[in-house]
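# Structural overview for review
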Amino acid sequence: MKDIRTLSLDQLKDYFVSLGEKPFRAKQVYDWLWSKNLHSIDEMTNLSKNLRERISEEYTINPVSVDLLQKSSDGTIKNGVKLHDGLLVESVLIPTETRTTACVSSQVGCSLNCEFCATARLKRMRNLEVAEIVDQVALIDSQSKMYFDRPLSNIVFMGMGEPMMNYKNVVEAIRKITQPEGLGMSPRRITVSTSGIPKMMKMLADEELRVKLALSLHSAIESKRNEIMPFSDKFPLTDIMEALQYWYQKTGSVITFEYCVWKGINDGDEDIKALIRYCKQVPSKVNLIQYNPIGDGKYDQCNKQAEENYIRQLENAGITVMVRRSRGGDIDAACGQLANKTAD
């Protein structure tokens, strides 16, 4: 049977009218599905038993479930999330003293081929549905309350998959997460991370969602970036920058550049100077991300001196730079490590 959460509010109204019910029933059901994140039609207690039975004859609800929960020594929680068709994705709850962040997936596997990322080695099986994305957020919100006694504060689309390759469902999921009739979270606390697909970045700017944008950059030298992220040869850095400038023009939101520094690959002065030139073209900041090994030996975290050199030169150029230390590495929950190892 079809998941009732695939119906829009207007479609729900048409459905209930077809049953001879008042249109307001649609709002009641919509509230159960998206605000309360209910996963059982039979528990919609403001509907009559007869009506619940009639709905259940045509529709179902296919919630995600936790196949395996792992806890890191630093408090990070990784969920092996099972979908209704048996496929698995992973999502992560990252706690700090002041916030809890959900790292959610948008695809089963990934459409891209970034060499440093474990997820890229998985075949893309399918896009996640809107409800499957929202379920991840609701699940981690409940875990945040359970384990850390506070609601989820931030969401990053940095899990498995490229969000821009599942554009329609990601955008609709963000609407469900942020609307008052949904989870009611602030869009300013949501970051969409992309490897850089200019056309889709411009489309996202036009959506007026008020979310933040992060670009997985890793090198501002075209040839080097194409080696690190082979798919990017289809999307020149000049085209990406044009899209970023359009993003800032439309949203006024500063772009975050996500950047790993690897030993012997992009740890030289020429790499830093190229990054500074790129950053100067649009209001932006840089997150230097600690690399998390995936077992191939090709990519190694740079030494402390190279990291400090990046920080010093970026700051001297007036560019805000933050260092993001790895979290959850002992359970393969850190950035770039999500690869469904729990399914082995």
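Conventions and cut-offs
Residues numbered from 1 in each chain as written. Predicted model: local features only at pLDDT ≥ 70, side-chain atom pairs only at ≥ 80, totals over all residues. Heavy atoms only, no water. Salt bridge = Lys/Arg side-chain N within 4 Å of Asp/Glu carboxyl O. Helix = DSSP H or I, 4+ residues; strand = E, 2+ residues; numbered from the N terminus. Buried < 20%, exposed > 50% of the residue type's maximum accessible area, 1.4 Å probe, protein only. UniProt positions renumbered as here; feature names shortened; annotations may be inferred. 1 Å grid on protein atoms, 1.4 Å probe; cavity = no way out; pocket = protein on both sides within 12 Å on 5 of 7 lines; lining within 4 Å. Points joined across faces, edges and corners; volume = space filled by probe spheres on them. Nonpolar A, V, L, I, M, F, W, Y, C, P; charged D, E, K, R; others polar. Patch = residues over 30% accessible without salt bridge, like charges linked within 9 Å, V, L, I, M, F, W, Y side chains within 5 Å. Areas by Shrake-Rupley, 256 points an atom, 1.4 Å probe, with all protein chains shown as cover. Lys, Arg positive; Asp, Glu negative; His and termini not counted. Charge placed at Lys NZ, Arg CZ, Asp CG, Glu CD. Core = buried A, V, L, I, M, F, W, Y, C linked by side-chain atoms within 4.5 Å. Contact = heavy atoms within 4.5 Å. Pairing = 2+ DSSP bridges. Axes fitted to C-alpha atoms, helices over the stretch in contact; angles between N-to-C directions. Phe/Tyr/Trp six-rings, centres within 6.5 Å; stacked < 30°, edge-to-face > 60°. Lys NZ or Arg CZ within 6 Å of the ring centre and 35° of its normal. Arc of directions from axis to C-beta.

## Some remarks on the pattern of salt bridges
For the structure on display, the rule yields 16 salt bridges. The shortest N-O distance in the salt bridge between Asp31 and Lys36 comes to 2.3 Å. Of the charged contacts, one joins Asp42 and Arg52 as a salt bridge, the two residues approaching to 3.7 Å between their closest N and O atoms. Taken as a pair, Asp42 in the loop between α2 (24-35) and α3 (49-58) and Arg52 in helix α3 lie far apart in primary sequence, 10 residues in all. Given a relative accessible area of 14%, Arg52 falls into the buried group. A cluster of three or more residues bridged by salt bridges with shared partners is formed by Asp3, Arg5 and Asp135.

## Let's talk about the UniProt feature "active site" (unreviewed entry) in the chain
Within this numbering scheme, the UniProt entry marks Glu90 and Cys335 as carrying the feature "active site" (unreviewed entry). Within the secondary structure layout, Glu90 lies in strand β5 (residues 88-95).

## What about the layout of surface pockets?
Of the pockets and cavities examined, the second largest pocket occupies roughly 390 Å³. What lines the second largest pocket is a set of 20 residues, among which Arg5, Thr6, Val130, Ala131 and Glu172 lie closest to the centre. Secondary-structure elements contributing two or more residues to the lining of the second largest pocket are α2, α4 (130-148) and α5 (167-178). Ranked by the residues each element gives to the lining of the second largest pocket, the list is headed by α5, at 5 residues. Split by residue class, the lining of the second largest pocket holds 7 nonpolar, 6 polar and 7 charged.

## Examining a positive patch on the surface
Taken together, the side chains of Arg99, Arg188, Arg189, Arg210, Lys212, Lys285 and Arg324 make up a positively charged region of the molecular surface. Here Arg99 shows up in the loop between β5 and β6 (100-103).

## Considering the nonpolar core
Leu244, Phe257 and Val286 are the most contacted members of the largest nonpolar core, which totals 103 residues. Here this core takes 7 residues from α4, the largest share from any one element. For Leu244, the residues in contact, after removing those within four places along its chain, are Met201, Leu213, Leu215, Ile255, Phe257, Tyr278 and Val282.

## Notes on the sheet that holds strand β9 (residues 154-157)
The strand order across the open sheet built from 10 strands is β3-β4-β5-β6-β9-β10-β11-β12-β13-β14, with neighbouring strands paired in mixed fashion. On the outer flanks of this sheet lie β3 (65-71) and β14 (320-324), each paired with one strand and no other. Strand-to-strand twist across the sheet, computed as the mean angle between neighbouring axes with direction ignored, equals 20 degrees.

## Here we look at empty space enclosed by the protein
If you walk through the whole model with that rule in mind, you get 2 cavities of 30 Å³ or more. By volume, the second largest cavity amounts to about 50 Å³. Together, Tyr259, Val261, Leu288, Ile289, Gln290, Gln301, Cys302, Glu307, Val323, Arg324 and Arg325 line the second largest cavity. When contributions to the lining of the second largest cavity are tallied by element, the ones reaching two or more residues are β13 (284-289) and β14. Of the residues that constitute the lining of the second largest cavity, the class distribution is 6 nonpolar, 2 polar and 3 charged.

## So, the packing of aromatic side chains
Summed over the entire model, instances satisfying the criterion amount to 9 aromatic pairs. Between the aromatic rings of Tyr15 and Tyr59, the centroid separation amounts to 5.2 Å while the plane-to-plane angle is 85 degrees, which identifies the pairing as edge-to-face. Within this pair, whereas Tyr15 is found in helix α1 (residues 9-18), its partner Tyr59 is found in strand β2 (residues 59-60), the two being separated by 44 residues in sequence. For the pair shown, Tyr15 and Tyr59 are each scored as buried. Grouping aromatic residues by their ring pairs yields a cluster made of Tyr15, Phe16 and Tyr59. Above the plane of the ring of Trp32 lies Lys36, whose end atom (NZ or CZ) is 5.1 Å from the centre.

## Observations concerning helix α9 (residues 269-279)
Along α9, the positions that sit buried rather than exposed are Asp271, Ile272, Ala274, Leu275, Ile276, Tyr278 and Cys279. For α9, the secondary structure elements touched by its buried residues are α7 (222-228), α8 (237-251), β12 (255-259), β13 and α10 (304-316).

## Observations concerning α3
Three- or four-residue spacings in an α-helix give side chains the same orientation, since the helix completes a turn every 3.6 residues. Inspection of α3 places Leu51, Arg52 and Ile55 among the buried residues, and these make up the whole buried set. The buried residues of α3 all sit within an arc of 100 degrees when viewed along its axis, so they share a single face. In α3, the exposed positions angled more than 90 degrees off the buried face are occupied by Lys49 and Glu57. Along its buried surface, α3 packs onto α1, α2 and β2.

## Examining the UniProt feature "binding site: [4Fe-4S] cluster" (unreviewed entry) in the chain
UniProt annotation of "binding site: [4Fe-4S] cluster" (unreviewed entry) refers to Cys110, Cys114 and Cys117 when read in the numbering used here. Structurally, Cys110 can be placed in the loop between β7 (107-108) and β8 (126-127). Among the structural elements, Cys114 can be located in the loop between β7 and β8. The class of Cys114 is buried, set by a relative accessible area of 9%.

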